[in-house]
Amino acid sequence: MSFINYSSREINCKIVYYGPGLCGKTTNLQYIFTKTNPTARGKMISLATETERTLFFDFLPLSLGEIRGFKTRFHLYTVPGQVFYDASRKLILKGVDGVVFVADSQIERMEANIESIENLRDNLKEHGYDLDNIPYVVQYNKRDLPNAAPLDELKQLLNTTNVPDFEACATTGQGVFDTLKAVAKLVLQELKKGK
Amino acid sequence: MAGPQLVMYEEEFHQISAVLERLLKESNGKVIFLVDKNGQLIANCGETQNIDSTSLASLTAGNIAATGGLAKLLGEKEFSILFHEGERDNLHISIVGQRVILVVIFDERSSLGLVRLRVKKASDELGRIFESLVKKAEAESAGVLGAESPFAEISDEDIDSLFSE
């Protein structure tokens, strides 16, 4: 649910990074934060535990420039990935405009990935959204690891609806901006369709 | 998609700003923010220059969301007022018309009682403005007013140009 402000001529959109624990959602945001011009972004907020696990959410506001005289701003959020934080995860999806699912490519995390996608679908449903009808992209993270599953297998298991998907290594930044651009583009296209 | 999109027009924005300005004066507050439940800043007034308003908006919405979750657990509809007391500054957070969040920051020049009293009055006014705003946005999206959405015209090139760097 984007917020259009005719008075200040701004469009604000909310993008949520979802995925299993330790898949690299926060790392995605950190990379975007370090590589974005300070004038185009705000402060990054991380509500994390002492061991740097996300407790509630990370937040990064980005402004992308103007479109038809309106400033476009994207608010990026991550959810806590650990299973028992489901109540918090649900809250963060409120009012979402686009979702990035960050998958952990490691073979042993496959079940966690699948469980997390199902959880995403369920939680979206509770807010009245359908994963098949909102801007949604998939990122296969940690492609650099030796125990990463083959791409075909990941696509088959995690991208059954054939949405845009990207290989990534969030620590080096590979694929991070491609993912962000893809989801932002889908959100803006949705806005165009909107009325 | 779930829920109507929040749209703010010039006219309502001025009405809202006027209510906030008056509340600031009458409550002797320092800063006032109006935030949507999804974490988007709608309006603010007062000594805002030293405050990161975007972060404040998102954290307030997170706070309200978490408190709302707690309320549900206890079988309450919502906790409509939150109060945080600091050494210097205090935060009074309240929900207006179940859809927006009003944040008043105040120090020893004011008091909790005064802020509560004034917020209550301003909330009623804000509630009415938002009600008419929702109706207007609905009418507009149904095409009753015949106004053009500036976004229907967005081209793929427009979108691409945002990412040209």
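For the structure, see preceding data.
First things first, this report covers the structure right here in the doc.

## Details of the overall build of chain B
Check the secondary structure of chain B and you find four helices and six strands. Of the regular secondary structure in chain B, the N- to C-terminal order runs β-α-β-β-α-β-β-β-α-α. Seen through its C-alpha atoms, chain B measures out along the principal axes to roughly 55 × 40 × 35 Å. Within the span of chain B, comprising 165 residues, buried residues form 33% of the whole.

## Observations regarding the interface of chain A and chain B
With 37 residues of chain A at the interface, the matching set in chain B holds 35 residues. If one sorts the elements of the side of chain A that touches chain B by residue count, strand β4 (residues 54-67) of chain A sits on top with seven residues. Taken together, the residues that form the side of chain A that touches chain B break down as 17 nonpolar, twelve polar and eight charged. In terms of strand pairing, strand β1 (residues 3-5) of chain A meets strand β1 (residues 6-8) of chain B through three bridges, oriented parallel. Bridged to Phe3 of chain A within β1 of chain B is Leu6 of chain B.

## Remarks on helix α1 (residues 10-27) of chain B
Residue and element names in this part refer to chain B. Along its 18 residues, α1 runs 26 Å from first to last C-alpha, staying within 8% of the 26 Å computed at 1.5 Å per residue. Summarising the contacts, the buried residues of α1 are in contact with β1, β2 (31-36), β3 (41-46), β6 (100-106) and α3 (112-141). The first or second residue beyond α1 is Asn28, which carries a positive phi of 60°.

## Description of the sheet that holds β6 of chain B
Residue and element names in this part refer to chain B. Strands sit in the order β3-β2-β6-β5-β4 across an open sheet of five strands; the sheet is antiparallel. Only two strands of the sheet have a single neighbouring strand rather than two, namely β3 and β4 (81-85). Averaged over all adjacent pairs, the angle separating strand axes in this sheet is 15°, with direction ignored. Bridge analysis of β2 against β6 gives six bridges, and the strand direction is antiparallel. Residue pairing across strands places Val35 opposite Ile101, the latter belonging to β6. Sitting on the sheet, α1 is in contact with β2, β3 and β6, with an inclination near 40° to β3.

## A short note on the packing of α1 of chain B against α3 of chain B
All names here are of chain B. Packing of α1 against α3 leaves a shortest axis separation of 10 Å and a crossing angle of 175°. In terms of their interaxial angle, α1 and α3 are classed as roughly antiparallel. Facing Glu12, Gln15, Ile16, Val19, Leu23, Glu26 and Ser27 of α1, the residues of α3 in contact are Leu114, Val115, Arg118, Val119, Ala122, Glu125, Leu126, Ile129 and Leu133. Looking at the contact of α1 with α3, its residues break down into ten nonpolar, two polar and four charged.

What counts, and at which threshold
- Residues numbered from 1 in each chain as written.
- Chains lettered and ligands numbered in written order.
- Predicted model: local features only at pLDDT ≥ 70, side-chain atom pairs only at ≥ 80, totals over all residues.
- Helix = DSSP H or I, 4+ residues; strand = E, 2+ residues; numbered from the N terminus.
- Buried ≥ 20, exposed ≤ 12 C-beta atoms within 10 Å, placed from the backbone.
- Contact = placed C-beta atoms within 7 Å.
- Nonpolar A, V, L, I, M, F, W, Y, C, P; charged D, E, K, R; others polar.
- Pairing = 2+ DSSP bridges.
- Expected span 1.5 Å × (residues − 1).
- Axes fitted to C-alpha atoms, helices over the stretch in contact; angles between N-to-C directions.
- Parallel < 35°, antiparallel > 145°, perpendicular 65-115°, else oblique.

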